[in-house]
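# Fold and geometry: a report
Each chain, letter by letter, is given below.
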Number of protein chains: 2
Amino acid sequence: MSESPERDARHKARMQRKKAVVDGKIAQATDEHGLLLVHTGNGKGKSSAAFGMVARALGHGLRVGVVQFIKGAASTGEEAFFRRFPEQVRYHVMGEGFTWETQDRQRDIDKACEAWVVARELLDDPSIDLVLLDELNIALKYGYLELEPLLADIQARPLHQHVVVTGRGAPPGLIEAADTVTEMTLVKHAFQAGVKAQKGIEF
Amino acid sequence: MSESPERDARHKARMQRKKAVVDGKIAQATDEHGLLLVHTGNGKGKSSAAFGMVARALGHGLRVGVVQFIKGAASTGEEAFFRRFPEQVRYHVMGEGFTWETQDRQRDIDKACEAWVVARELLDDPSIDLVLLDELNIALKYGYLELEPLLADIQARPLHQHVVVTGRGAPPGLIEAADTVTEMTLVKHAFQAGVKAQKGIEF
């Protein structure tokens, strides 16, 4: 593209202002501690974004614990991949998990409670830098687990430890307790147009 | 939690109905081809979700190409991690990238064009199953690249190849062309409360 010197100069001035704003915000943000992050909403990417954070953490040599509250075809790719790093990643998938596939509420409650026992061990372990509680919101939404005691466990974790909770329908109490909350909003989805869930994308 | 048999039965009936709906949708979705996905919006997780997809794809033994259109501190964790797999991942970071840090428009345009040359090579390569064009939307937003020729290259890719484009401000033409679009919406962000960007979370 051919560009005029005027446009270049305007761009430079605008970018200088932007840099000043960004640098100012960075200078003000000095607090450092483990964060509680929540990925919710009906769109894609809630778990994927959490697993992207796992990859990033591993790149920094950090240690990660993962508890998947729903096991399904949907988790095979991540699981296969992150199990390659047993020294950096503790990876737990609860039994067959629950969902509309099981249709047995009491069994689902038992499985969710078992999964929380594992989650609490990770939250107690200061050698773990990031804990991913994948699809925990679903267990809360169905009332398989109660929020209050879980939040107490989360808040009692080591100061430096980050926690990411995923799943649609995050309860208001969790959103309130979180440091960072992102809602993944569905704009459009190939599935709606009749495209099959595909390896590497949906699972 | 103690549960009544009535509640269990209602749960079972509801889950049976849900399973029927889900199974029906799955049966209808039979089309299989490479998807164009867009992650946009002002919330966190756009790039993270894309890198989570990269991890998932690697778990399935697929091959991935990454072009990062903005290089910054923000990419160090992913880059360090995914460069561990040179046989499965081709990883490209364009020069120093552009943004408000460079303040030189013509140089940024040149860099964006160079990055697209690399992207087009990946889009031409049938051995690559997933192409991640990280922060491409920023290059489009600033007018460093024009959408039309890029879309033509994307649409001419091998039939099975998936493409993920990230960055806030995705142009309407890209959203229209995409199969799946997720908007990451900021509900709240620790940075706003003065918490510093942290290793493993923001970069």
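For every chain, the first residue of the written sequence is number 1, and numbering continues from 1 onward in sequence order. Whichever chain is written first becomes A and whichever ligand is written first becomes 1, with later ones labelled in order. Residues qualify for local features only when their pLDDT is at least 70, as the model is predicted, and side-chain atom pairs are given and counted only at 80 or more; totals for whole chains, interfaces and linings, by contrast, use all residues. Values shown for side chains rest on all heavy atoms present in the structure; no hydrogens or waters enter the calculation.

You'll find chain A entered in an unreviewed UniProt entry as Corrinoid adenosyltransferase, with Azotobacter chroococcum NCIMB 8003 given as the organism. UniProt positions are given in the numbering used here, feature names are shortened, and annotations may be inferred rather than shown by experiment. UniProt's Pathway (unreviewed entry) comment on chain A is quoted here verbatim: "Cofactor biosynthesis; adenosylcobalamin biosynthesis; adenosylcobalamin from cob(II)yrinate a,c-diamide: step 2/7." Word for word, the UniProt comment on chain A under Sequence similarities (unreviewed entry) is "Belongs to the Cob(I)alamin adenosyltransferase family."

A separate point is the overall build of chain A. Secondary structure elements follow DSSP: runs of H or I of four or more residues count as helices, runs of E of two or more count as strands, with numbering from the N terminus. Within chain A, the regular secondary structure consists of 7 helices and 6 strands. Considering chain A as a whole, with its 203 residues, one finds that 52% of them fall into the buried category. In what follows, a contact means two residues having at least one pair of non-hydrogen atoms within 4.5 Å. Within chain A, residue pairs in contact and separated by at least 24 positions form 79% of the contacts whose partners lie at least 6 positions apart. Per-residue accessibility, obtained with a 1.4 Å probe over protein chains only, is compared with the maximum for each type, and a residue is labelled buried under 20%, exposed over 50%, and partly exposed between these values.

What follows concerns the pattern of salt bridges. Every case where a carboxyl oxygen of Asp or Glu lies within 4 Å of a side-chain nitrogen of Lys or Arg is listed as a salt bridge. Applying the stated criterion to the full structure yields 14 salt bridges over all chains. Arg90 of chain B is the partner of Glu121 of chain B in a salt bridge, and the nearest nitrogen-oxygen pair spans 3.9 Å. Linking Glu121 of chain B in helix H4 (residues 105–123) with Arg90 of chain B in strand S3 (residues 89–93), this pair joins segments that are 31 residues apart in sequence. Taking relative accessible area as the criterion, Arg90 of chain B reaches 26% and is therefore assigned partly exposed. For Asp153 of chain B, the salt bridge is made with Arg120 of chain B, and the minimal N-O distance between the two is 3.7 Å. Residue Asp153 of chain B is found in helix H6 (residues 147–155), and its partner Arg120 of chain B is found in helix H4; the two are separated by 33 residues along the sequence. Each of Arg90, Glu121 and Asp125 of chain A takes part in salt bridges that share partners, so that together they form one network.

Let's shift gears to the sheet that holds strand S5 (residues 162–166) of chain B. Strand order across the open sheet formed by 12 strands is S3(A)-S2(A)-S4(A)-S5(A)-S1(A)-S6(A)-S6(B)-S1(B)-S5(B)-S4(B)-S2(B)-S3(B), with mixed pairing between neighbours. Looking at the sheet topology across the chains shown, the edges are occupied by strand S3 (89–93) of chain A together with S3 of chain B. For this sheet the average axis-to-axis angle between neighbouring strands, irrespective of direction, equals 15 degrees. Two strands are said to pair when DSSP picks up at least two bridges between them. Of the strand pairs in this sheet, strand S4 (residues 130–134) of chain B and S5 of chain B are connected by 4 bridges, and their pairing is parallel. For Leu132 of chain B, the partnering residue across the bridge sits in S5 of chain B and is Val164 of chain B. Of the strands in this sheet, strand S2 (64–68), S3, strand S4 (130–134) and strand S5 (162–166) of chain A are in contact with helix H4 (residues 105–123) of chain A, which crosses S2 of chain A at around 165 degrees. Relative to S4 of chain B, helix H2 (residues 46–59) of chain B is tilted by about 160 degrees, and along the sheet it contacts strand S1 (36–40), strand S2 (64–68), S3, S4, S5 and strand S6 (180–188) of chain B. Here the axes come from fitting lines to C-alpha atoms, over the contacting stretch only for helices, and the angles between their N-to-C directions go from 0 to 180 degrees.

Moving on, we come to the pairing of S5 of chain A. Consecutive side chains along a regular strand alternate between the two faces of the sheet. All names here are of chain A. With 5 of 5 residues buried, S5 is to be regarded as a mostly interior element. Because side chains alternate across S5, one face comprises the buried residues His162, Val164 and Thr166, and the other comprises Val163 and Val165, equally buried. Of the strand pairs in this sheet, strand S1 (residues 36–40) and S5 are connected by 4 bridges, and their pairing is parallel. Paired with Leu37 across the bridge in S5 is Val164.

Residue and element names in this part refer to chain A. Only one face of S3 is covered, namely the face carrying Val89, Tyr91 and Val93; the face carrying Arg90 and His92 is uncovered. Summarising the sheet, S2 and S3 pair through 5 bridges and their orientation is parallel. Bridge pairing in S3 links Gly65 to Arg90.

This brings us to the interface of chain A and chain B. Taken together, the contact between chain A and chain B spans 88 residues of the former and 88 residues of the latter. Here chain A and chain B share an interface that buries about 7800 Å² over both sides, 59% of which is from carbon and sulfur atoms. Ionic pairing is found between Glu78 of chain B and Arg56 of chain A, a salt bridge with its closest N-O pair at 2.8 Å. Contacts described as polar in this section are N or O atom pairs within 3.5 Å, which, within protein, must combine one atom able to donate a hydrogen with one able to accept it, while residues neighboring in sequence count only if both atoms come from side chains. For the interface between chain A and chain B, the tally reads 23 residue pairs in polar contact (both at pLDDT 80 or more). Of all the secondary-structure elements, those providing two or more residues to the side of chain A that touches chain B are helix H1 (5–28), helix H2 (46–59), helix H3 (76–82), H4, helix H7 (172–177) and strand S6 (180–188) of chain A. In terms of residues, the side of chain A that touches chain B owes the most to one element, H1 of chain A, which gives 13 residues. Residues are grouped as follows: Ala, Val, Leu, Ile, Met, Phe, Trp, Tyr, Cys and Pro are nonpolar; Asp, Glu, Lys and Arg are charged; all remaining types, including Gly, are polar. Within the side of chain A that touches chain B, the residues separate by chemical class into 35 nonpolar, 27 polar and 26 charged. Pairing geometry for S6 of chain A and S6 of chain B, over 7 bridges, is antiparallel. Its bridge partner lying in S6 of chain B, Glu183 of chain A is registered against Thr185 of chain B. Once two parts are put together, the accessible area they lose, assessed with a 1.4 Å probe and summed over both, is termed the buried area.

The subject of this paragraph is the nonpolar core. By size, the foremost hydrophobic cluster in this structure holds 44 residues, and its most contacted members are Phe81 and Phe82 of chain A together with Phe81 and Phe82 of chain B. Setting aside chain neighbours within four positions, we find Phe81 of chain B in contact with Ala55, Leu58, Gly59, Phe81, Phe82 and Phe85 of chain A. As used in this record, nonpolar core signifies buried Ala, Val, Leu, Ile, Met, Phe, Trp, Tyr and Cys residues forming a set joined through side-chain atoms within 4.5 Å.

Let's shift gears to H2 of chain B. Residue and element names in this part refer to chain B. In this model H2 runs 20 Å from its N-terminal to its C-terminal C-alpha over 14 residues, within 8% of the 20 Å that 1.5 Å per residue would give. Counting buried positions along H2 yields 13 of 14 residues, so the element is predominantly enclosed. Once H2 ends, the next one or two residues include Gly61, with phi positive near 80 degrees. Residue count minus one, scaled by 1.5 Å, sets the expected span of a helix.

Next up on the list: the relation of the copies chain A and chain B. Here chain A sits on chain B after a turn of 180 degrees about the axis and a move of 0.0 Å along it, with an RMSD of 0.0 Å. Seen this way, the second copy is the image of the first under a two-fold rotation axis. A symmetric contact is evident, with 100% of the interface residues of chain A recurring at the interface of chain B. When the copies are superposed, the least-squares fit draws on C-alpha atoms of residues that have pLDDT of at least 70 in both.

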